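These are the residues of each chain, in order.
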Amino acid sequence: MQVVGVGLSRTGTQSLNAALTMLGYRSSHHLDGIPVEFWAQVVAAPTAWADLAAAYRRFDAVTDIPAAAFYRQFLEQFPQARFILTLRPPGDWLRSMDAHYRWFMQMYPDWPSGFWASLHRLVYGSAEFKERGFLTHYEAHNEAVRQAIPADRLLIYPLCEGAGWPELCRFL
């Protein structure tokens, strides 16, 4: 694993994944190429050790949740990896998350149960969109990432505000 995107969903993680792929990285976005059963076990016991190297053996990079929520484990297991924190202004992020949840709930009305609900409770504090709680978790996650990851291995990347190729390529 060479690059770990530690930004939460709706912060430009899919665009970052596309950029990493264009740069030649074998990148997994969200759960692409990773058995949901692996992450279901990790989410069920978030403090237990998970063999991320085995799970991501076919990939050089990963973006979005669930991986972003487990940045400390990636930091420990991949001591040479670089980390990218994609950011979005909080109000824009909340509006995007709200729209995403509305769409998701229409498409999958029984969604607030099982793995996905557990993952969202872990990451956002709730399986259902709650503005104040989501914002609190978003800000806490971003601050915890800044505190935990050494500055020379972390790119703060406000992709949604115009950060682009020069910043990304210099960092990588």
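Whatever comes next refers back to the structure up there.
Since we're looking at a predicted model, the values are computed, not measured. (Residues numbered from 1 in each chain as written. Predicted model: local features only at pLDDT ≥ 70, side-chain atom pairs only at ≥ 80, totals over all residues. Heavy atoms only, no water.)

Asks: Please give an account of the packing of aromatic side chains that cites residues and values.
Replies: This model, assessed by the stated rule, comprises 15 aromatic pairs. Between the aromatic rings of Y101 and F134, the centroid separation amounts to 5.3 Å while the plane-to-plane angle is 80 degrees, which identifies the pairing as edge-to-face. On the criterion of sequence distance, the pair formed by Y101 in helix 5 (residues 90-107) and F134 in helix 7 (residues 131-148) is long-range, its members being 33 residues apart. Since its relative accessible area comes to 0%, F134 is described here as buried. For the ring pair Y124 and F134, a centre distance of 4.9 Å and an interplane angle of 15 degrees mean the geometry is stacked. Of the two residues, Y124 is situated in helix 6 (residues 114-124) and F134 in helix 7; the sequence distance between them amounts to ten residues. The class for Y124 is buried, based on a relative accessible area of 1%. Joined through ring pairs, the aromatic side chains of F38, W39, Y56, F59, F70, F74 and F78 make up one cluster. Over the ring of F171 we find R82; its NZ or CZ atom is 4.1 Å from the centre of that ring. (Phe/Tyr/Trp six-rings, centres within 6.5 Å; stacked < 30°, edge-to-face > 60°. Helix = DSSP H or I, 4+ residues; strand = E, 2+ residues; numbered from the N terminus. Buried < 20%, exposed > 50% of the residue type's maximum accessible area, 1.4 Å probe, protein only. Lys NZ or Arg CZ within 6 Å of the ring centre and 35° of its normal.)

Asks: Report on the pattern of salt bridges, specifying residues and quantitative values.
Replies: One pass over the full model with this rule turns up four salt bridges. A salt bridge links R95 to D92; the shortest N-O distance between them is 2.6 Å. Of the two residues, R95 and D92 are both situated in helix 5; the distance of three residues between them amounts to about one turn of the helix. Residue classification places R95 among the exposed residues on the basis of a relative accessible area of 55%. Given a relative accessible area of 34%, D92 falls into the partly exposed group. E143 is the partner of R146 in a salt bridge, and the nearest nitrogen-oxygen pair spans 3.9 Å. With R146 and E143 both in helix 7 and three residues apart, this pair spans about one turn of that helix. By relative accessible area, which is 35% here, R146 ends up partly exposed. (Salt bridge = Lys/Arg side-chain N within 4 Å of Asp/Glu carboxyl O.)

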